[in-house]
Amino acid sequence: FPPAVFPLSCVVQNYSWGKVGLESEVAKLVASGDPLAQIQPDRPYAELWMGTHPRGDALIRDNRIPQKTLGQWIADNPACLGAKVKDAFQGHLPFLFKVLSVNTALSVQAHPNKELAEKLHAQFPEHYPDANHKPEMAIALTPFEGMCGFRPVEEIVSFLQNVPELRALIGEVAAEQLERSGSDDPRGVSAALRVCFTRLMKSEKKFFVDQLNMLVKRISQEAAEGKDTTGSNGDLLLRLHSQYPGDIGCFTIYFLNLVRLEPGEAMFLGANEPHAYLHGDCVEVMACSDNTVRAGLTPKFIDVLTLCEMLNYTPAPSSSKIFPAAQSQLDPHVYLYDPPVPDFTIMRIEIPASIKLYLISAMDSASILLVIQGTAVGTSTAAASEMSLHRGSVLFISANESISLHLSSPDGMLLFRACCLL
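Residues numbered from 1 in each chain as written. Predicted model: local features only at pLDDT ≥ 70, side-chain atom pairs only at ≥ 80, totals over all residues. Heavy atoms only, no water.

## Points about the overall build of the protein
For the protein, the count of helices and strands is 11 helices and 25 strands. Relative to the compact-globule value of 22 Å for 422 residues, the protein shows a C-alpha radius of gyration of 23 Å, a close match. In terms of overall dimensions, the protein has C-alpha extents of about 70 × 45 × 40 Å along its principal axes. Across the 422 residues of the protein, 57% fall into the buried class. Within the protein, contacts between residues separated by at least 24 positions form 76% of all contacts whose residues are at least 6 apart in sequence. When the accessible surface of the protein is split by element, carbon and sulfur atoms take 54% of a total near 18,000 Å². For the protein, the separation between the mean place of its 34 positive charges and that of its 46 negative charges on side chains is 3 Å. (Helix = DSSP H or I, 4+ residues; strand = E, 2+ residues; numbered from the N terminus. Rg over C-alpha atoms; globule rule 2.2 N^0.38 Å. Buried < 20%, exposed > 50% of the residue type's maximum accessible area, 1.4 Å probe, protein only. Contact = heavy atoms within 4.5 Å. Areas by Shrake-Rupley, 256 points an atom, 1.4 Å probe, with all protein chains shown as cover. Lys, Arg positive; Asp, Glu negative; His and termini not counted. Charge placed at Lys NZ, Arg CZ, Asp CG, Glu CD.)

This is the structure in C-alpha cells:
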C-alpha cells in the first residue's frame, strides 16, 4: 500500500498585513518545521496554508509518493477522505487549515451564504471566484483581537452621542431612529441599524475624510492633554487611522464588537457576520472558498452595496462571540470546536508531560495535524517510516488511520487537528 499518513510542506502567503520576520508565528513555525527555510527579517509572514487550495496546494514530503502535492494525491486517492466526506464534498477536501499572524488590521468583511455566493459568482466571477460559502473559525495562539458582529444598540447609541463626527455622517434622522428603537422590537432595531450602517458606509468620500480628520485631531488633542478617550474608542481609532489613513473602515469600530481572545479561545464567523481581524496569531479553519465581500480597511476591491445588503444586523454583546470548546467525552486531552456547519471541525490536543505514549485516534475523515509545541516520534501502520514531529510539523492523516506518538519533550505537546465530522 502507498503511505496514507505523510508530512506536508505548506505554502506561506506574504500579505502586507502580516507580522514581519521572526515576530510572526507563521515564520517561527516554518523555521522550526523546516531547518532549511530562510526567514527574511523584513518580510511579512501573514498566513500558512495547510490544504489543497489551488493558490497554495501543500507539497508532500515523502519521496516514495509519486504525486507532488496533496491536491493531486487526494484526486488520485479520494477514498482517503472517508466515505461520507468524499460523497458530501465531491471528492474534495472540504476545508482549508491556516495559521495567521496579524500585525495590521485585515479588511472589514463578511462571507456570503451559499445562495448569495452562487448569485455573486454568476454575476461577478472576477471578484467572487467560486460558488461556495466560507464560514470560518479562529482559535487564538497568542492574545488575539478582532472585530466581530454588531455591538449592543446601547453601545452604538452612546457613541452616536459622544462622537459628533460619526453622527454627522449618519445623519440626524437615522441616528434618532436607532435611539428610539426599542428592545421589544428586534426587527425594528435591525432595520434602524441597517439604515445607520449603510448611511455610514455610503457617505461621500470627501465628507467622511473631513469628518475622520476632525475626529482624529480632536482625539489626539484630548489624549495629549491626558483626557480619557474611551467614550470615543480613542485608542483603537488612532491605531486604525495610522494603519489606514482616510479609510471609512475606521468608523466601523463604533458599530462592531471588539473581541479579545486568550490563547485557546475561539470565534466562529458564520455567513453574513461582519468582522475584521486586528492583531495577534491564530489557527483558522474555513470552508474552501475565496468569497469575501469587503468594505473598508483595505486597498482591495470593495463592494459596499453588497456588504450592506447581506449583513446580519442582530446586535449582541462581544462576550457572545466567543465560541466554547467542549472537552471530548472519549479523550480528556482533546477539546472540540464543532461549529454549526458541516465543512469542518477543529480539535485542540494538549498532552501533558507525564504521558509518554499517546494515540492520535482514527476517524472517518481525512485530517491535517499541526504541531505547535513539543516533540515526538510518530509511528503508523499507514506511514512509510517513523516520522519526527516537532514545532511546525504538519501531517496529513487519511481517514481511518491512527498515529502513535512517542513523546520526548519535557513540557508535553500542543497540537491542532482539522477534520470534517459528518
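## Structural notes on the state of the cysteines
With the rule as written, the count across this model stands at zero disulfides. Of the cysteine sulfurs around Cys282, a residue in no disulfide, the closest is that of Cys148, at 13 Å. Judged by its relative accessible area of 0%, Cys282 is buried. (Disulfide = S-S within 2.5 Å.)

## A short note on the UniProt feature "active site" (unreviewed entry) in the protein
In the numbering used here, UniProt assigns the feature "active site" (unreviewed entry) to Arg294. Looking at the secondary structure, you find Arg294 in strand 14 (residues 293-296). Here Arg294 falls in the buried class, since its relative accessible area comes to 17%. If we ignore the near neighbours within four places in the chain, the residues touching Arg294 are Ser107, Val108, Gln109, Lys300, Phe301, Ile302, Asp303 and Val304. A polar atom in the side chain of Arg294 sits 3.3 Å from the side chain of Ser107. (UniProt positions renumbered as here; feature names shortened; annotations may be inferred. Polar contact = N/O pair within 3.5 Å; in protein donor to acceptor, adjacent residues only side chain to side chain.)

## A closer look at the layout of surface pockets
Space left empty within the atom packing is revealed by a probe, the size of a water molecule, rolled over the atoms. Roughly 630 Å³ of volume is contained in the largest pocket. Taken together, 32 residues form the lining of the largest pocket, with Tyr15, Glu47, Thr292, Arg294 and Lys300 sitting closest to its centre. The set of elements that each furnish at least two residues to the lining of the largest pocket consists of strand 5 (47-50), strand 7 (95-102) and strand 13 (275-287). Here the element with the most residues in the lining of the largest pocket is strand 13; it accounts for four residues. Looking at the lining of the largest pocket residue by residue, the class counts come to 13 nonpolar, 10 polar and nine charged. Within this model, the second largest pocket holds a volume of roughly 440 Å³. Lining the second largest pocket we find 21 residues, and of these Thr52, His92, Leu93, Pro94 and Cys288 sit closest to its centre. Among the elements that make up the lining of the second largest pocket, the one with the highest residue count is helix 2 (residues 70-76) (three residues). Looking at side-chain class alone, the lining of the second largest pocket contains nine nonpolar, eight polar and four charged residues. (1 Å grid on protein atoms, 1.4 Å probe; cavity = no way out; pocket = protein on both sides within 12 Å on 5 of 7 lines; lining within 4 Å. Points joined across faces, edges and corners; volume = space filled by probe spheres on them. Nonpolar A, V, L, I, M, F, W, Y, C, P; charged D, E, K, R; others polar.)

## Observations concerning helix 1 (residues 25-33)
Taken as a whole, helix 1 has its buried residues at Glu25, Val26, Ala27, Leu29, Val30 and Gly33. Looking at the buried residues of helix 1, the elements they touch are strand 2 (11-13), strand 4 (44-45), strand 5, strand 7, strand 13 and strand 20 (367-373). Capping the start of helix 1, Ser24 holds a side-chain oxygen 3.1 Å from the backbone nitrogen of Val26, two or three residues further along.

## Digging into the pattern of salt bridges
Summed over the entire model, instances satisfying the criterion amount to 18 salt bridges. Note that Arg55 is salt-bridged to Asp290, the shortest N-O span being 3.5 Å. With Arg55 in the loop between strand 5 and strand 6 (59-60) and Asp290 in the loop between strand 13 and strand 14, this residue pair connects regions lying 235 residues apart in the sequence. Accessibility expressed as a relative area gives 53% for Arg55, which makes it exposed. Among the residues examined, Asp290 registers a relative accessible area of 24% and is labelled partly exposed. What you see here is one network of salt bridges that share partners, running through Glu145, Arg239 and Arg260. (Salt bridge = Lys/Arg side-chain N within 4 Å of Asp/Glu carboxyl O.)

## A short note on unusual backbone geometry
In this model, Leu297 sits at a positive phi of 55°, which is unusual for a non-glycine residue. Residue position: Leu297 is located in the loop between strand 14 and helix 11 (304-310).

## Some details on the packing of aromatic side chains
Using the criterion set out here, one finds 12 aromatic pairs in the structure. Ring geometry for Phe150 versus Phe197: centroids 5.2 Å apart, planes at 90°, classification edge-to-face. Here Phe150 is found in strand 10 (residues 144-150), whereas its partner Phe197 is found in helix 8 (residues 186-201), with 47 residues between them in sequence. Across this residue pair, the class does not change: Phe150 and Phe197 are buried. Centroid distance Phe251 to Tyr254: 6.5 Å. Interplanar angle 50°. Geometry classified as tilted. What makes Phe251 buried here is its relative accessible area of 0%. Taken together, the ring pairs in this structure connect Phe150, Phe197, Phe255 and Tyr313 into an aromatic cluster. Over the ring of Tyr15 we find Lys300, and its NZ or CZ is 5.7 Å from the ring centre. (Phe/Tyr/Trp six-rings, centres within 6.5 Å; stacked < 30°, edge-to-face > 60°. Lys NZ or Arg CZ within 6 Å of the ring centre and 35° of its normal.)

## What about the environment of Pro7?
In this structure, Pro7 sits in strand 1 (residues 5-9). The exposure class assigned to Pro7 is partly exposed, which follows from its relative accessible area of 23%. In this structure Pro7 touches Leu59, Ile60, Arg61, Val394 and Leu395, once residues within four positions along its chain are discounted.

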